[in-house]
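Listed here are the chains, written in short residue letters.
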Amino acid sequence: RYGASHVVCGHDFHFGRRGEGNPQRLADRCRALGLGCDVIPPVKLDGVVVSSTYIRTLLERGDLEQAARFLGHRHRLSGTVVSGRHLGRTIGIPTANLTLPEGLVRLPYGVYACRAMVPAGVYRAVTNIGVRPTVNGRTPTVESWLLDYEGDLYGQPLRLELCRFLRPEQKFPSLETLRQAILDNARTVRELPEEG
């Protein structure tokens, strides 16, 4: 129906009713239909099979460095910058906000060192992923302060590479203590080596 001439699947691929289809059944069916079929054997790194399940587990516990080794690149979040509550601007820390689509791996709520890519270039960034408890937030958001960037990013594409988990999200007693914590995070991000 789709005009396929060759099929490729992983060694642990399952399909069909209750996942009863497997690579051997697929290969047999392809052979009967005159189609080529390759079954990719397991790929291992440090004796561990590289799999989306394992990578999701690493990301969910905040192990960005190990996840990057298994992905072959840093974990990324991307989207179009949306308008937020503009609280960052009031404390001198303007942020570019992304909404989190449904179905993404749930990263630990907290502050991350990131590389931010926007049409104007690449910048170091301090990024909070979470609900912003200091300002009584409830919906998970991604808020990035692009260090040394000046300009309006609303409606522009933003891609974040998560380099390092800096600290868990926390509720501060005031906006000023939150501001000081973010400034401390920015100092940490500036001191990190360029590659991470």
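Residues numbered from 1 in each chain as written. Predicted model: local features only at pLDDT ≥ 70, side-chain atom pairs only at ≥ 80, totals over all residues. Heavy atoms only, no water.

1. Overview of the sheet that holds strand E6 (residues 96-99)
Read across the sheet, 6 strands follow the order E5-E10-E7-E8-E9-E6 without closing on themselves; strand pairing throughout is antiparallel. Single-partner strands in this sheet number two, and they are strand E5 (76-80) and E6. Taken pair by pair, the neighbouring strands of this sheet meet at an average axis angle of 30°, ignoring direction. Here 4 bridges tie E6 to strand E9 (residues 141-146), and the two strands are oriented antiparallel to one another. Note that in E9 the partner of Thr99 across the bridge is Thr141. Each of strand E7 (110-118) and strand E10 (157-168) is contacted by helix H3 (residues 64-71), which is oriented at about 135° to E10, the strand it contacts most. (Pairing = 2+ DSSP bridges. Helix = DSSP H or I, 4+ residues; strand = E, 2+ residues; numbered from the N terminus. Axes fitted to C-alpha atoms, helices over the stretch in contact; angles between N-to-C directions. Contact = heavy atoms within 4.5 Å.)

2. A few points about unusual backbone geometry
In most cases, non-glycine residues show a negative phi, while peptide bonds are predominantly trans. In this structure, Asp46 takes a positive phi of about 55° despite not being glycine. Structurally, Asp46 can be placed in the loop between strand E3 (44-45) and strand E4 (48-49). In this structure, Arg132 takes a positive phi of about 60° despite not being glycine. Tracing the backbone through its elements, the reader meets Arg132 in the loop between strand E8 (121-130) and E9.

Distances and angles like these do not, on their own, reveal function.
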